[in-house]
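# Examining the three-dimensional arrangement
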Amino acid sequence: PENVGIIAMDIYFPSSYVDQTDLEEFNGVSKGKYTIGLGQLKMGFTDDREDISSICLTVTESLLKKYQISPVDIGFLMIGTETIIDKSKSIKTVLMDLFKDSGNTDIEGIHATNACYGGTASLFHAIDWIESSSWDGRYALVVAADIAVYASGAARPTGGCGAVAMLIGPNAAIVLDRKVRSTYMANVYDFYKPDLSSEYPYVDGPLSNQCYLQALDQCFNLYFDKANRNRDELLNHNNHSEQQSMIELSHFDGIIFHAPYCKLVQKSVARMHLLNNLRLQAHDPSRFDTKLEKYRNVKLEESYNDREMEKLLLTLSSENFNKRTDPSLMLAREIGNMYTASLYACVISFILSDSVENLTDKRLLLFSYGSGLAASMFSARVTKDKAILSRLMKGLTDVQPRLQQRQRVPPTKFEETLNLREKTHNIAPYEPTGDVSSLMAGTYYITDINQKYHRTYSKV
Ligand code: ACO
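What you see is a predicted model; the values in this text were computed from it and never measured.

Helix-helix packing is characterised by the crossing angle of the two axes and by the distance between the axes. One way to put it is that helix α9 (residues 262-283) packs onto helix α10 (residues 307-316) with a least axis distance of 8 Å and a crossing angle of 90 degrees. Between α9 and α10, the angle is such that the two are roughly perpendicular. Together, Gln266, Lys267, Ala270, Arg271, His273 and Leu274 of α9 and Arg307, Met309, Glu310, Leu313, Leu314 and Leu316 of α10 make up the contact between the two elements.

Think of a sheet as strands paired side by side through backbone hydrogen bonds, with each pair either parallel or antiparallel. The strand order β3-β2-β15 describes an open sheet built from 3 strands, whose pairing is mixed. A single partner strand is all that each edge strand has here, and the edge strands are β3 (42-45) and β15 (407-408). Pairing analysis gives 4 bridges linking strand β2 (residues 16-19) to β3, with the strands arranged antiparallel. Bridge pairing in β3 places Ser16 opposite Phe45. Contacts from helix α1 (residues 20-27) reach β2, β3 and β15 within the one sheet, and its direction differs from that of β2 by about 60 degrees.

Turning to the packing of α1 against helix α17 (residues 411-424), a few remarks are in order. At a closest axis distance of 9 Å, the pairing of α1 and α17 adopts a crossing angle of 80 degrees. Compared by their axis directions, α1 and α17 come out roughly perpendicular. From α1, Asp22, Leu23 and Phe26 reach across to α17, where they touch Pro411, Thr412, Phe414 and Glu415. Class assignment of the residues belonging to the contact of α1 with α17 gives a composition of 4 nonpolar, 1 polar and 2 charged.

Looking now at the packing of aromatic side chains. The tally for this structure, following the rule as stated, stands at 15 aromatic pairs. Linked through ring pairs, Tyr212, Phe257, Phe367 and Tyr369 together constitute an aromatic cluster. Over the ring of Phe124 we find Arg181, and its NZ or CZ is 4.0 Å from the ring centre.

A few words on the pairing of strand β12 (residues 254-257). Residues Gly254 and Ile256 of β12 are buried on one face, and the alternating residues Ile255 and Phe257, pointing to the opposite face, are buried as well. Pairing analysis gives 4 bridges linking β12 to strand β13 (residues 363-370), with the strands arranged parallel. Across the sheet, Phe257 pairs through a bridge with Phe367, a residue of β13.

Turning our eyes to something else, we now look at the site of the ligand. Around the ligand sit 26 residues in total, of which Ser30, Lys31, Ser208, Lys267 and Arg307 are the nearest. With respect to the ligand, the side chain of Lys267 contributes an N or O atom lying 2.8 Å from an oxygen atom. In the model, an oxygen atom of the ligand is placed 2.4 Å from a nitrogen or oxygen of the Arg307 side chain. For the shell around the ligand, the elements supplying multiple residues, two or more each, are α2 (33-37), α6 (205-229) and α9.

Okay, the environment of Trp135 next. Its place among the elements puts Trp135 in the loop between α5 (118-130) and β6 (139-148). Here Trp135 falls in the partly exposed class, since its relative accessible area comes to 25%. With 59 residues separating them in the primary sequence, Trp135 and Phe76 have C-alpha atoms 9.2 Å apart. With near-sequence residues (within four places) excluded, Trp135 lies in contact with Pro1, Trp129, Ile130 and Pro170. For Trp135, the side chain forms a polar contact with the main-chain oxygen of Arg138, separated by 2.8 Å.

Turning to helix α15 (residues 386-394), its buried residues number three or more, namely Leu389, Leu392 and Met393. In a view along the axis of α15, the buried residues occupy a sector of 95 degrees, so they form one face of it. Relative to its buried face, α15 has exposed residues pointing more than 90 degrees away, namely Ala387 and Lys394. If you follow the buried residues of α15, they end up packed against β1 (5-12), β8 (174-176), α13 (342-352), α14 (356-359) and β14 (374-382). Where α15 starts, the residue carrying a side-chain oxygen 3.0 Å from the main-chain nitrogen of Ala387 turns out to be Asp385.

Our focus in this paragraph is the pairing of β6. A large share of β6 lies buried, amounting to 9 of its 10 residues. Bridge analysis of strand β4 (residues 74-80) against β6 gives 6 bridges, and the strand direction is parallel. Counted as the bridge partner of Phe76 is Ala140 from β6. Pairing analysis gives 9 bridges linking β6 to strand β7 (residues 160-169), with the strands arranged antiparallel. Bridging from a neighbouring strand, Ile147 pairs with Cys161 of β7.

Attention now moves to the pattern of salt bridges. Opposite charge on two side chains permits them to pair, given that their charged atoms come into close proximity. In the structure shown here, the tally under the stated rule is 28 salt bridges. In this structure, the salt-bridge partner of Lys294 is Glu308, at a minimum N-O distance of 2.8 Å. Placement of Lys294 in the loop between α9 and α10 and of Glu308 in helix α10 is noted, with a sequence separation of 14 residues between them. Each member of the pair, Lys294 together with Glu308, is exposed. The residue Asp398 makes a salt bridge to Arg402 at a minimum N-O spacing of 3.1 Å. The class of Arg402 is buried, set by a relative accessible area of 13%. Overlapping salt bridges, with partners in common, bring together Asp10, Lys66, Asp398 and Arg402 in one network.

The rules behind each value
- Counting of residues starts from 1 at the beginning of each chain's written sequence and follows it residue by residue.
- Residue-level local features of this predicted model are given only where pLDDT is at least 70; pairs of side-chain atoms are given and counted only at 80 or more, and the full residue set underlies all totals for whole chains, interfaces and linings.
- To obtain the side-chain values, all non-hydrogen atoms of the structure were included, while hydrogens and water were left out.
- Working convention: axes come from line fits to C-alpha atoms, limited for helices to the stretch in contact. Angles between N-to-C directions cover 0 to 180 degrees.
- Only runs of H or I of at least four residues qualify as helices and only runs of E of at least two qualify as strands under DSSP, and these elements are numbered from the N terminus.
- For classification purposes, angles smaller than 35 degrees are called roughly parallel, those larger than 145 roughly antiparallel, those between 65 and 115 roughly perpendicular, and all remaining angles oblique.
- Contacts are assigned to residue pairs that have any heavy atoms within 4.5 Å of one another.
- One requirement defines pairing of two strands: DSSP has to find at least two bridges between them.
- All amino acids are sorted into three groups, where Ala, Val, Leu, Ile, Met, Phe, Trp, Tyr, Cys and Pro are nonpolar, Asp, Glu, Lys and Arg are charged, and the leftover types, Gly among them, are polar.
- Ring pairs are drawn from Phe, Tyr and Trp, using the six-membered ring of Trp, whenever the two centres fall within 6.5 Å, and their geometry is named by plane angle: stacked under 30 degrees, edge-to-face over 60, tilted for the rest.
- Sitting over a ring, as applied to charges here, requires NZ of Lys or CZ of Arg to be within 6 Å of the ring centre and within 35 degrees of the ring normal.
- Relative accessibility under 20% of the residue-type maximum defines a buried residue, over 50% an exposed one, and the middle range a partly exposed one, all with a 1.4 Å probe and only protein chains included.
- The near set for a molecule or strand comprises every residue that places at least one heavy atom within 4 Å of it.
- The term polar contact refers here to a pair of N or O atoms within 3.5 Å; inside protein, the definition further demands a hydrogen-donor-capable atom paired with an acceptor-capable atom, and it admits residues adjacent in sequence only when both atoms are side-chain atoms.
- Directions from the helix axis toward the C-beta atoms define the arc.
- Put simply, a salt bridge is a Lys or Arg side-chain nitrogen that is within 4 Å of an Asp or Glu carboxyl oxygen.

See the structure below:
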């Protein structure tokens, strides 16, 4: 199969949000700390009516309906999430309810968990299934979803909630490049969830930021090594001048990241400016940005807390950030961290930021990070075929209107809701109390959890 990648996408996010300026006031922190310091505008959250299975049901059914995909045409379905409600029974089994009426029970794939990385693991597996000898010609589905909540404290404003579903197959709208994926994995305790009785992670914020940037350094260099070794995979064959030059950052039209909070993404683009210059100078010393002279021999592993360098890099990379990355951050600012779904919500934002005409043939560089840690860099190209791209974009036309329809909830209500989730997390029997009328049409919600922990769902 040729041109394997993302054919269709859909996103679900909660109907309620708390405004970050309201939260700054409520938490008594200085004005601008969350909005400017973290770069966040709003944070989506949900009450006890929704859980990880319900948001996966909502987004998956919505995608199948919107793009008129018959359930019998799905041969693989994999879910990435770190929101765990059962140590054995996977969310995938719950989603099989959506295929019941069609009689399709022949669907491979289960789920992947490692912090925010499971969506990317699932996407890679889906692509690999289609490119393998096991492929039977049907589509794959990838669902990345999480309810991101933190205990009260510094990390709480970096929560969020969202689910992205992606239809994977040949002749895609966003085609993944082959032979260039780079990965960095290591054993660290920057963010983890050892307490199964709580939804909250244990998090070392500063360490997690450093690990994110460390993983970025490693993935960046390995990606560009592979990209330059496999130039034919990436380059336009009839553009001769392009074939002579080294593949570097400016090759890409969009640079898209997992977005825990938008300021970290901006700092990552800044760091890439340094990484790219270090690679350029190794090739040709005269190509090093003269404004960076002081850092020509910088030791990457000693530079994570160099605030002076960070400031300079932020300035030097601002144009790059505005052009190549800022368009991808709309949903991240509006909803917050969606863990596994975050990177793919950023892809949706990038697509929503422009027209079919301008997006065709655009090259995208993507960075996925999951604490613990697992990270990958990979790349993709938007199709040249306007009909294929239009189909994907048509399915996303309701995203902006849905964002506008959301309800702004005061921080007191937000705190109450999180306290309720905390108290009732994984108890049985339990009948949720959240107001169903606040949910948008098509949203699945929990009707009941019985004494044997069986969950039943209905739909608005
Ligand atoms: N106006 C503007 N900026 C402000 C203001 C203000 N009034 N007050 C503070 N700031 C800035 C700070 O200068 C700082 O920015 P800088 O680092 O660019 O200088 C920023 O706001 C954050 O403030 P801090 O006091 O440094 O950090 P805080 O204690 O609020 O914690 C953190 C931030 C660590 C991100 C915390 O929210 C957290 O732990 N989040 C969860 C972990 C996380 O998301 N990690 C990222 C990778 S792992 C993952 O994806 C989960």
